[in-house]
Amino acid sequence: MRKNLWKLAWAALMLALSSPLLADDTVRVLYAGSLVHVMERQLSPAFEKASGLRFEGYAGGSNALAKQIKGKLRRADVFISASPAVNAELSGTANGDWIVWYANFAQSPLEIGYNPNSRFAAAIQHQRWDQALTQAGIRIGRTDPRLDPKGQFVVQLLAQAQTVYRDPTLSQRMLGEPENPRQVLPEETLVGRLQSGQLDAGFFYSTETHSLKIPAVALPAPFDIKAQYTVALLRGAPNPAGAERFVAFLLSAPGQTILRSAGLQVIAPARFNGDADQLPASLKPLLRAAP
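No experiment lies behind these values; they were computed from the predicted model shown.

A. Just the packing of aromatic side chains, in detail. Under the definition given, this model contains nine aromatic pairs. Measuring from centroid to centroid gives 6.4 Å for F105 and Y229, while their planes differ by 35°, and the two rings are tilted. Highlighted residues: F105 in strand β4 (residues 101-114) and Y229 in strand β8 (residues 226-233), separated in sequence by 124 residues. Taking the relative accessible area as the measure of exposure, F105 reaches 3% and is therefore buried. Overall, the relative accessible area of 0% leaves Y229 in the buried class. Between W129 and Y165 the ring centres are 6.3 Å apart and the planes differ by 55°, which places this aromatic pair in the tilted class. Of the two residues, W129 sits in helix α6 (residues 129-132) while Y165 sits in the loop between α7 (149-164) and α8 (170-175), which places them 36 residues apart along the sequence. Joined through ring pairs, the aromatic side chains of F47, F55, F246 and F249 make up one cluster. For R74, the ring lying beneath its charged end belongs to Y58, and the centroid distance is 3.4 Å. One Lys or Arg, K150, reaches over the ring of Y205 and ends 5.1 Å from the middle of that ring.

B. A look at helix α9 (residues 187-195). Among all positions in α9, only E187, L190, V191 and L194 are buried. Buried residues along α9 cover an arc of 90° about the axis, so they all sit on one side. Where α9 is buried, its residues meet β2 (54-60), β4, β5 (140-141), α7, β6 (201-205) and α10 (206-211).

C. Expanded view of the pairing of β2. One ladder, built from seven bridges, connects strand β1 (residues 26-32) with β2; its direction is parallel. For Y31, the partnering residue across the bridge sits in β2 and is A59. Running through helix α2 (residues 36-51), the crossover from β1 to the neighbouring parallel element β2 is right-handed.

Analysis parameters
- Residues numbered from 1 in each chain as written.
- Predicted model: local features only at pLDDT ≥ 70, side-chain atom pairs only at ≥ 80, totals over all residues.
- Heavy atoms only, no water.
- Phe/Tyr/Trp six-rings, centres within 6.5 Å; stacked < 30°, edge-to-face > 60°.
- Helix = DSSP H or I, 4+ residues; strand = E, 2+ residues; numbered from the N terminus.
- Buried < 20%, exposed > 50% of the residue type's maximum accessible area, 1.4 Å probe, protein only.
- Lys NZ or Arg CZ within 6 Å of the ring centre and 35° of its normal.
- Arc of directions from axis to C-beta.
- Contact = heavy atoms within 4.5 Å.
- Pairing = 2+ DSSP bridges.
- Right-handed = clockwise from strand over helix to strand, strands pointing away.

Take a look at the structure:
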(Lines give C-alpha, C1' and ligand atoms only; values in the text may rest on other atoms or scores of the structure.)
Protein backbone atom coordinates (compact mmCIF):
# COMPACT_ATOMS: atom_id res chain seq x y z
CA MET A 1 0.00 0.00 0.00
CA ARG A 2 2.77 2.42 1.02
CA LYS A 3 4.62 1.63 -2.19
CA ASN A 4 1.55 2.49 -4.29
CA LEU A 5 1.00 5.72 -2.33
CA TRP A 6 4.62 6.70 -2.92
CA LYS A 7 4.22 6.06 -6.65
CA LEU A 8 1.06 8.17 -6.76
CA ALA A 9 2.76 10.99 -4.86
CA TRP A 10 5.78 10.90 -7.18
CA ALA A 11 3.54 10.95 -10.25
CA ALA A 12 1.62 13.94 -8.86
CA LEU A 13 4.89 15.79 -8.21
CA MET A 14 6.13 15.16 -11.77
CA LEU A 15 2.81 16.35 -13.18
CA ALA A 16 3.00 19.55 -11.09
CA LEU A 17 6.55 20.26 -12.19
CA SER A 18 5.56 19.89 -15.83
CA SER A 19 2.54 22.20 -15.55
CA PRO A 20 2.62 25.68 -17.12
CA LEU A 21 2.37 27.22 -13.65
CA LEU A 22 5.80 25.88 -12.63
CA ALA A 23 7.55 25.25 -15.93
CA ASP A 24 6.87 28.38 -17.99
CA ASP A 25 7.66 27.96 -21.69
CA THR A 26 6.14 31.31 -22.71
CA VAL A 27 8.01 34.57 -23.28
CA ARG A 28 5.78 37.62 -22.91
CA VAL A 29 6.83 40.68 -24.91
CA LEU A 30 5.29 44.15 -24.85
CA TYR A 31 6.38 46.06 -27.93
CA ALA A 32 5.86 49.25 -29.94
CA GLY A 33 2.87 48.95 -32.26
CA SER A 34 4.93 50.00 -35.29
CA LEU A 35 6.68 46.62 -35.06
CA VAL A 36 3.56 44.48 -35.11
CA HIS A 37 4.11 43.08 -38.61
CA VAL A 38 7.74 42.02 -38.15
CA MET A 39 7.17 40.75 -34.60
CA GLU A 40 4.11 38.63 -35.28
CA ARG A 41 4.87 37.38 -38.79
CA GLN A 42 8.64 37.08 -38.86
CA LEU A 43 10.48 37.33 -35.55
CA SER A 44 8.15 35.34 -33.32
CA PRO A 45 7.83 32.28 -35.64
CA ALA A 46 11.61 32.21 -36.13
CA PHE A 47 12.23 32.56 -32.39
CA GLU A 48 9.76 29.82 -31.52
CA LYS A 49 11.37 27.47 -34.04
CA ALA A 50 14.89 28.20 -32.82
CA SER A 51 14.15 28.10 -29.08
CA GLY A 52 11.21 25.76 -28.60
CA LEU A 53 9.59 28.47 -26.48
CA ARG A 54 6.25 30.16 -27.13
CA PHE A 55 6.04 33.88 -27.96
CA GLU A 56 3.17 35.91 -26.55
CA GLY A 57 3.19 39.52 -27.73
CA TYR A 58 1.13 42.62 -27.10
CA ALA A 59 1.53 45.78 -29.20
CA GLY A 60 0.70 49.36 -28.32
CA GLY A 61 2.00 52.89 -28.04
CA SER A 62 5.30 52.82 -26.16
CA ASN A 63 4.28 55.45 -23.59
CA ALA A 64 0.96 53.72 -23.01
CA LEU A 65 2.68 50.37 -22.47
CA ALA A 66 5.14 51.94 -20.03
CA LYS A 67 2.23 53.35 -18.02
CA GLN A 68 0.58 49.91 -17.95
CA ILE A 69 3.81 48.29 -16.73
CA LYS A 70 4.29 50.93 -14.06
CA GLY A 71 0.67 50.62 -12.97
CA LYS A 72 1.00 46.80 -12.85
CA LEU A 73 -1.78 46.45 -15.40
CA ARG A 74 0.37 44.24 -17.63
CA ARG A 75 3.06 41.78 -16.63
CA ALA A 76 5.73 40.80 -19.13
CA ASP A 77 9.30 39.60 -19.55
CA VAL A 78 10.53 42.01 -22.23
CA PHE A 79 9.70 45.60 -23.19
CA ILE A 80 10.49 47.04 -26.65
CA SER A 81 10.05 50.80 -27.05
CA ALA A 82 10.28 53.13 -30.04
CA SER A 83 12.15 55.77 -28.04
CA PRO A 84 14.88 55.60 -25.38
CA ALA A 85 13.14 58.43 -23.53
CA VAL A 86 10.26 56.11 -22.65
CA ASN A 87 12.59 53.93 -20.58
CA ALA A 88 13.10 56.80 -18.14
CA GLU A 89 9.48 56.31 -17.05
CA LEU A 90 10.42 52.82 -15.83
CA SER A 91 13.91 53.48 -14.46
CA GLY A 92 15.01 54.48 -10.97
CA THR A 93 13.61 53.84 -7.52
CA ALA A 94 10.87 56.44 -7.91
CA ASN A 95 9.62 54.63 -11.02
CA GLY A 96 9.76 51.13 -9.58
CA ASP A 97 13.13 50.06 -11.03
CA TRP A 98 11.32 48.15 -13.75
CA ILE A 99 14.30 48.69 -16.08
CA VAL A 100 17.96 48.84 -15.00
CA TRP A 101 19.46 48.73 -18.50
CA TYR A 102 18.25 48.83 -22.08
CA ALA A 103 19.81 48.33 -25.51
CA ASN A 104 19.24 50.40 -28.65
CA PHE A 105 19.11 47.79 -31.44
CA ALA A 106 17.48 49.41 -34.50
CA GLN A 107 16.08 52.62 -35.92
CA SER A 108 13.51 53.64 -38.51
CA PRO A 109 13.01 57.06 -40.14
CA LEU A 110 9.68 58.87 -40.02
CA GLU A 111 7.95 58.98 -43.43
CA ILE A 112 4.70 60.14 -45.00
CA GLY A 113 2.60 57.20 -46.15
CA TYR A 114 -0.33 57.74 -48.48
CA ASN A 115 -3.20 55.93 -50.14
CA PRO A 116 -2.35 55.56 -53.86
CA ASN A 117 -6.04 55.98 -54.75
CA SER A 118 -6.35 59.28 -52.93
CA ARG A 119 -7.03 62.37 -55.02
CA PHE A 120 -4.07 63.92 -53.21
CA ALA A 121 -1.63 61.12 -54.12
CA ALA A 122 0.01 62.97 -57.03
CA ALA A 123 0.51 66.09 -54.92
CA ILE A 124 2.10 64.06 -52.11
CA GLN A 125 4.45 62.45 -54.61
CA HIS A 126 5.56 65.62 -56.39
CA GLN A 127 4.96 68.67 -54.20
CA ARG A 128 6.96 69.70 -51.18
CA TRP A 129 5.55 67.68 -48.30
CA ASP A 130 4.30 70.62 -46.21
CA GLN A 131 2.46 72.08 -49.18
CA ALA A 132 0.88 68.75 -50.12
CA LEU A 133 -0.33 68.10 -46.57
CA THR A 134 -1.96 71.50 -46.09
CA GLN A 135 -4.33 71.28 -49.04
CA ALA A 136 -8.00 71.84 -48.29
CA GLY A 137 -9.87 68.63 -47.59
CA ILE A 138 -6.89 66.31 -47.09
CA ARG A 139 -7.39 63.72 -44.34
CA ILE A 140 -4.27 63.04 -42.25
CA GLY A 141 -3.78 60.40 -39.58
CA ARG A 142 -1.26 60.28 -36.75
CA THR A 143 -0.88 58.75 -33.30
CA ASP A 144 -1.50 60.34 -29.92
CA PRO A 145 1.54 62.34 -28.75
CA ARG A 146 0.61 61.53 -25.15
CA LEU A 147 0.77 57.78 -25.70
CA ASP A 148 3.18 57.14 -28.54
CA PRO A 149 6.65 58.48 -29.51
CA LYS A 150 5.61 58.64 -33.17
CA GLY A 151 2.88 61.10 -32.27
CA GLN A 152 5.45 63.14 -30.36
CA PHE A 153 7.83 63.03 -33.34
CA VAL A 154 5.15 64.46 -35.64
CA VAL A 155 4.61 67.42 -33.31
CA GLN A 156 8.41 67.83 -33.12
CA LEU A 157 8.66 67.66 -36.92
CA LEU A 158 6.14 70.45 -37.42
CA ALA A 159 7.82 72.65 -34.83
CA GLN A 160 11.10 72.23 -36.71
CA ALA A 161 9.42 72.78 -40.09
CA GLN A 162 7.93 76.07 -38.96
CA THR A 163 11.47 77.32 -38.33
CA VAL A 164 12.97 75.84 -41.49
CA TYR A 165 10.23 77.18 -43.77
CA ARG A 166 9.70 80.37 -41.76
CA ASP A 167 6.00 79.63 -41.50
CA PRO A 168 4.68 80.07 -37.94
CA THR A 169 1.21 78.88 -38.93
CA LEU A 170 2.26 75.58 -40.50
CA SER A 171 1.62 73.29 -37.53
CA GLN A 172 -1.83 74.74 -36.89
CA ARG A 173 -2.79 74.49 -40.56
CA MET A 174 -1.58 70.90 -40.95
CA LEU A 175 -2.26 69.34 -37.56
CA GLY A 176 -4.57 71.66 -35.70
CA GLU A 177 -4.12 71.06 -31.98
CA PRO A 178 -1.54 68.43 -30.90
CA GLU A 179 -4.37 66.11 -29.79
CA ASN A 180 -6.76 66.94 -32.63
CA PRO A 181 -9.40 64.14 -32.46
CA ARG A 182 -9.99 64.34 -36.23
CA GLN A 183 -6.42 63.13 -36.83
CA VAL A 184 -5.25 61.26 -33.74
CA LEU A 185 -5.92 57.53 -33.91
CA PRO A 186 -4.75 54.42 -32.04
CA GLU A 187 -1.57 53.10 -33.63
CA GLU A 188 -3.14 49.71 -34.28
CA THR A 189 -5.93 51.24 -36.42
CA LEU A 190 -3.96 53.87 -38.34
CA VAL A 191 -2.78 51.54 -41.12
CA GLY A 192 -6.25 50.08 -41.67
CA ARG A 193 -7.80 53.54 -41.95
CA LEU A 194 -5.24 54.54 -44.58
CA GLN A 195 -5.54 51.35 -46.62
CA SER A 196 -9.35 51.48 -46.59
CA GLY A 197 -9.36 55.01 -47.98
CA GLN A 198 -10.62 56.71 -44.81
CA LEU A 199 -7.36 58.66 -44.75
CA ASP A 200 -5.36 60.23 -47.56
CA ALA A 201 -2.03 60.26 -45.74
CA GLY A 202 -0.41 59.56 -42.41
CA PHE A 203 2.88 59.57 -40.57
CA PHE A 204 4.60 56.18 -40.32
CA TYR A 205 8.02 54.69 -39.74
CA SER A 206 9.88 53.21 -42.70
CA THR A 207 9.52 49.69 -41.27
CA GLU A 208 5.73 50.06 -41.43
CA THR A 209 5.63 51.35 -45.00
CA HIS A 210 8.17 48.71 -46.09
CA SER A 211 6.53 45.72 -44.40
CA LEU A 212 2.97 46.67 -45.32
CA LYS A 213 3.79 47.96 -48.83
CA ILE A 214 2.39 51.41 -48.13
CA PRO A 215 3.48 53.99 -50.74
CA ALA A 216 5.56 56.61 -48.96
CA VAL A 217 7.77 59.63 -49.42
CA ALA A 218 10.80 60.33 -47.26
CA LEU A 219 11.19 63.61 -45.43
CA PRO A 220 13.84 65.83 -47.02
CA ALA A 221 16.92 67.21 -45.29
CA PRO A 222 17.29 68.65 -42.69
CA PHE A 223 14.50 66.58 -41.13
CA ASP A 224 16.11 63.48 -39.62
CA ILE A 225 13.58 62.08 -37.18
CA LYS A 226 13.77 58.38 -36.41
CA ALA A 227 12.30 55.81 -34.09
CA GLN A 228 15.09 54.45 -31.89
CA TYR A 229 14.02 50.96 -30.87
CA THR A 230 15.21 49.70 -27.50
CA VAL A 231 14.83 46.39 -25.71
CA ALA A 232 14.93 45.74 -21.97
CA LEU A 233 14.28 42.95 -19.50
CA LEU A 234 11.62 43.81 -16.93
CA ARG A 235 11.94 43.44 -13.18
CA GLY A 236 9.88 40.56 -11.86
CA ALA A 237 9.71 38.86 -15.26
CA PRO A 238 7.68 35.63 -15.04
CA ASN A 239 10.23 33.90 -17.30
CA PRO A 240 13.64 35.64 -16.95
CA ALA A 241 15.54 32.82 -18.64
CA GLY A 242 13.17 32.88 -21.60
CA ALA A 243 13.44 36.68 -21.72
CA GLU A 244 17.23 36.44 -22.06
CA ARG A 245 16.86 33.90 -24.86
CA PHE A 246 14.45 36.15 -26.73
CA VAL A 247 16.73 39.19 -26.47
CA ALA A 248 19.71 37.07 -27.51
CA PHE A 249 17.79 35.93 -30.61
CA LEU A 250 16.68 39.48 -31.39
CA LEU A 251 20.31 40.68 -31.32
CA SER A 252 21.77 37.63 -33.11
CA ALA A 253 22.70 37.47 -36.78
CA PRO A 254 19.43 35.66 -37.71
CA GLY A 255 17.40 38.20 -35.75
CA GLN A 256 19.21 41.11 -37.39
CA THR A 257 18.60 39.63 -40.82
CA ILE A 258 14.87 39.57 -40.11
CA LEU A 259 14.95 43.18 -38.88
CA ARG A 260 16.75 44.36 -42.01
CA SER A 261 14.27 42.53 -44.23
CA ALA A 262 11.53 44.52 -42.51
CA GLY A 263 13.11 47.83 -43.47
CA LEU A 264 14.81 48.57 -40.16
CA GLN A 265 18.28 50.06 -39.84
CA VAL A 266 20.06 47.65 -37.52
CA ILE A 267 22.52 48.88 -34.88
CA ALA A 268 25.13 46.16 -34.50
CA PRO A 269 26.29 45.51 -31.92
CA ALA A 270 23.40 46.98 -29.99
CA ARG A 271 24.30 49.80 -27.61
CA PHE A 272 23.35 49.41 -23.97
CA ASN A 273 22.62 52.13 -21.45
CA GLY A 274 22.35 51.63 -17.71
CA ASP A 275 23.96 49.43 -15.10
CA ALA A 276 26.54 47.20 -16.81
CA ASP A 277 26.76 45.01 -13.68
CA GLN A 278 23.15 43.98 -14.25
CA LEU A 279 23.71 42.68 -17.79
CA PRO A 280 23.15 38.92 -18.08
CA ALA A 281 26.35 37.10 -19.03
CA SER A 282 24.62 35.55 -22.04
CA LEU A 283 23.95 38.99 -23.54
CA LYS A 284 27.25 40.78 -22.89
CA PRO A 285 28.92 39.54 -26.11
CA LEU A 286 26.04 41.04 -28.13
CA LEU A 287 26.22 44.51 -26.61
CA ARG A 288 28.54 47.49 -26.37
CA ALA A 289 28.35 50.57 -24.20
CA ALA A 290 26.68 53.62 -25.74
CA PRO A 291 29.13 56.45 -26.53
